[in-house]
Amino acid sequence: MPGPVGGHQPSLGATVRSAPPRRPVPFRQFVVKLHSRCDLACDYCYVYTMADQRWRSRPRVMSAATLARTGERIGEHAHRHGLEGVSIVLHGGEPLLSGVGGVARAVELLRRGAAPVPARVSVQTNGVRLDDSFLRLFDRLDVGVSVSLDGDRTAHDRHRRGPDGQGSHDRVEAALHRLTGSYRRLFNGLLCTVDLRNDPLTTYRSLLAHQPPVVDFLLPHGTWSAPPAGRPPDPLHAPYADWLIAVFDEWHADGGQQTRVRLFDEIIQLLLGGSSRLAGVGVSPVAVAVVETDGAIEMDDTLGAAHAGAGHTGLHVDRDTFDAALDQPGVRAQQAGVAGLSAECRACDLHRVCGGGLYTHRWRAGSGFDNPSVYCADLYRLIGHIRRTLRRDVTALRRAAR
């Protein structure tokens, strides 16, 4: 989900559209980059294969001192804003490269620093190293586990390979078998990156075989300056929407009973007048901060797909609070609601549902993030399809009630 820390000037500069001042929303989720390297070499990874290559100069592992200070900063922020709890995600790279002892130390130091505010800790892993020793640890420490899986063997191994070129599917399947056995209570869900070459229903059904509580379908990262694979400039074509609609129709046909698909759930919630907790749809304020292995406080690390240093804030846990990050123009832009959208987005009838798409996907050299998502056509078609489906459902219910 993977630099320099001197100075306090954000790298976004004029690329951030101005928005009226509003009270910032405190961070509630903290992504801690426990290890900056990975044991896979996925060719679509935003950390290692895209514009921002600062990972090369960062420490491989977050030190005990930085972990302790990060926990203290989280606790300080939570106390200052009266938060009843926070979420901490151990991330990378691949966090399990830190080893069982390293992960145990990280959980202990982060929770100790955040206390007395309770911290719900989870780990996002590629699953390759998820063995019984890690699962026993997570069971003892009550750490949730999310695993990346792109579908069946063909779909998954298309991208998620090791440095030797060998696919990782079989190792991930074995890890999921262990996780969903005696340790199922720890299973948070699956993350699946969409590839248009993979059959959508085969992919969806292969994920369902693990009975995940939640599935997150992720659009591959891209921008207007570096478009994602298969995303044509013609707005009449929306291949990612077509892929997701095929999954939605099957998911909807069984009432979503087999799993939650977060993207669909959040769009439905928004269409019914609610708010979203998922970055990439809706206009709810983004409330996530990232801490890199060197202690740098950054914005969403997927911004590395846009340009080098796009997530840079110039802040560091040793000297800066998370409240200082709330004052960053890039953070304010992502908390500005409708006012933070481009003029083109604000003129769209679905802007409160779409929310302009993921901030990263709006980037275009020359105009910065003041654009609709590069997936604009796909989001519009997908949301429109779900809206029509809901209307048919409501009409059928009204007729049945007569």
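Structure report, in brief. (Residues numbered from 1 in each chain as written. Predicted model: local features only at pLDDT ≥ 70, side-chain atom pairs only at ≥ 80, totals over all residues. Heavy atoms only, no water.)

Points about the environment of asparagine 126
Argument step 1. Structurally, the position occupied by asparagine 126 is in the loop between β3 (119–125) and α3 (132–141).
Argument step 2. You can call asparagine 126 buried: its relative accessible area is 3%.
Argument step 3. A C-alpha to C-alpha distance of 7.3 Å links asparagine 126 and valine 172, two positions 46 residues apart in sequence.
Argument step 4. Those residues within four positions of asparagine 126 in sequence are excluded, and the remaining contacts are Cys38, Asp39, Leu40, Glu94, Val147, Ser148, Arg160 and Val172.
Argument step 5. A polar contact is formed between the side chain of asparagine 126 and the side chain of aspartate 39, at a distance of 2.9 Å. (Helix = DSSP H or I, 4+ residues; strand = E, 2+ residues; numbered from the N terminus. Buried < 20%, exposed > 50% of the residue type's maximum accessible area, 1.4 Å probe, protein only. Contact = heavy atoms within 4.5 Å. Polar contact = N/O pair within 3.5 Å; in protein donor to acceptor, adjacent residues only side chain to side chain.)

Observations regarding the sheet that holds β3
Argument step 1. On the basis of which strands lie adjacent, the open sheet formed by 10 strands has the order β7-β6-β5-β4-β3-β2-β1-β8-β9-β10 and mixed pairing. Both edges of this open sheet fall to β7 (260–261) and β10 (315–316), since each of them pairs with a single strand only.
Argument step 2. Inspection of the sheet shows strand β4 (residues 144–148) paired to strand β5 (residues 187–193) by 4 bridges, in the parallel sense. When the bridges of β5 are listed, valine 145 appears paired with phenylalanine 187. (Pairing = 2+ DSSP bridges.)

Observations concerning the pairing of strand β8 (residues 288–291)
Argument step 1. With 4 bridges joining them, strand β1 (residues 29–33) and β8 adopt parallel strand pairing. Within β8, the residue paired with glutamine 29 across the bridge is valine 288.
Argument step 2. Judged from the 2 bridges that link them, β8 and strand β9 (residues 296–298) form a sheet pairing that is antiparallel. By the bridge assignment for β9, valine 290 is matched with glutamate 298.
Argument step 3. Hairpin geometry of β8 and β9 is characterised by an intervening segment of 4 residues between the two adjacent antiparallel strands and by a positive phi of about 95° at glycine 295.

Concerning the packing of aromatic side chains
Argument step 1. Counted by the stated rule, this structure contains 11 aromatic pairs.
Argument step 2. An angle of 70° between the planes, with centres 6.4 Å apart, marks the rings of phenylalanine 27 and phenylalanine 30 as edge-to-face.
Argument step 3. Residue phenylalanine 30 is classed as buried on the basis of its relative accessible area of 0%.
Argument step 4. Taking 5.4 Å as the distance between ring centres and 55° as the angle between the ring planes, the aromatic pair formed by tryptophan 251 and phenylalanine 264 counts as tilted. Of this pair, tryptophan 251 sits in helix α7 (residues 239–253) while phenylalanine 264 sits in helix α8 (residues 262–271); the two residues are 13 residues apart in sequence, bridging distant segments of the chain. By the burial criterion, tryptophan 251 is buried, and phenylalanine 264 matches it.
Argument step 5. Three or more aromatic residues joined by ring pairs form one cluster here, namely Phe27, Phe30 and Phe322. (Phe/Tyr/Trp six-rings, centres within 6.5 Å; stacked < 30°, edge-to-face > 60°.)

Comments concerning the packing of helix α6 (residues 200–208) against α7
Argument step 1. For the pair α6 and α7, the least separation of the axes is 9 Å and the interaxial angle reads 50°. Compared by their axis directions, α6 and α7 come out oblique. In this structure, α6 crosses over α7, and the sense of that crossing is right-handed. Taking contact as the criterion, the partners of Pro200, Leu201, Thr203, Tyr204 and Arg205 in α6 are, on α7, Trp243, Ala246, Val247, Glu250 and Trp251.
Argument step 2. When grouped by side-chain class, the residues that make up the contact of α6 with α7 number 7 nonpolar, 1 polar and 2 charged. (Axes fitted to C-alpha atoms, helices over the stretch in contact; angles between N-to-C directions. Parallel < 35°, antiparallel > 145°, perpendicular 65-115°, else oblique. Left-handed = near helix turned anticlockwise from the far one by under 90°. Nonpolar A, V, L, I, M, F, W, Y, C, P; charged D, E, K, R; others polar.)

Remarks on empty space enclosed by the protein
Argument step 1. Its boundaries defined by the atoms lining it, the second largest cavity holds a volume of some 80 Å³.
Argument step 2. When contributions to the lining of the second largest cavity are tallied by element, the ones reaching two or more residues are β8, β9 and α10 (329–334).
Argument step 3. Grouping the amino acids of the lining of the second largest cavity by side-chain chemistry returns 8 nonpolar, 2 polar and 2 charged. (1 Å grid on protein atoms, 1.4 Å probe; cavity = no way out; pocket = protein on both sides within 12 Å on 5 of 7 lines; lining within 4 Å. Points joined across faces, edges and corners; volume = space filled by probe spheres on them.)

Observations concerning the nonpolar core
Argument step 1. Leu90, Leu130, Phe138, Leu179 and Phe217 are the most contacted members of the largest nonpolar core, which totals 104 residues.
Argument step 2. A total of 8 residues in this core trace back to one element, the largest contributor, which is α7.
Argument step 3. Filtering out sequence-adjacent residues up to four positions away, phenylalanine 138 remains in contact with Leu96, Val103, Val123, Leu130, Val143, Val145 and Leu186. (Core = buried A, V, L, I, M, F, W, Y, C linked by side-chain atoms within 4.5 Å.)

Comments concerning the side chain of threonine 293
Argument step 1. Structurally, threonine 293 is set in the loop between β8 and β9.
Argument step 2. Note on threonine 293: relative accessible area 2%, which makes it buried.
Argument step 3. A distance of 2.8 Å separates a polar side-chain atom of threonine 293 from the backbone oxygen of proline 59.
Argument step 4. Ignoring anything within four residues of it in the chain, the contact list for threonine 293 reads Lys33, Leu34, His35, Ser36, Arg58, Pro59, Arg60, Val61, Met62, Ser63 and Thr66.

Observations concerning the pattern of salt bridges
Argument step 1. With the rule as written, the count across this model stands at 24 salt bridges.
Argument step 2. Measuring nitrogen to oxygen at the nearest pair gives 2.5 Å for the salt bridge that ties aspartate 378 to arginine 231. Note that aspartate 378 is positioned in helix α13 (residues 376–401) and arginine 231 in the loop between β6 (214–218) and α7, a separation of 147 residues in sequence. For the pair aspartate 378 and arginine 231, one class covers both residues: buried.
Argument step 3. With a closest N to O distance of 3.2 Å, arginine 319 and aspartate 320 form a salt bridge.
Argument step 4. For aspartate 320, a relative accessible area of 7% translates into the label buried. (Salt bridge = Lys/Arg side-chain N within 4 Å of Asp/Glu carboxyl O.)

Side note on unusual backbone geometry
Argument step 1. A cis amide bond links glycine 92 with the next residue in sequence, glycine 93, at an omega value of 15°.
Argument step 2. The residue glycine 93 is located in the loop between β2 (86–91) and α2 (99–114) in this model.
Argument step 3. Between alanine 115 and the following residue, proline 116, the backbone shows a cis peptide bond with an omega angle of 10°.
Argument step 4. Looking at the secondary structure, you find proline 116 in the loop between α2 and β3.
Argument step 5. Phi is positive for glutamine 211, which is not a glycine, with a value near 50°.

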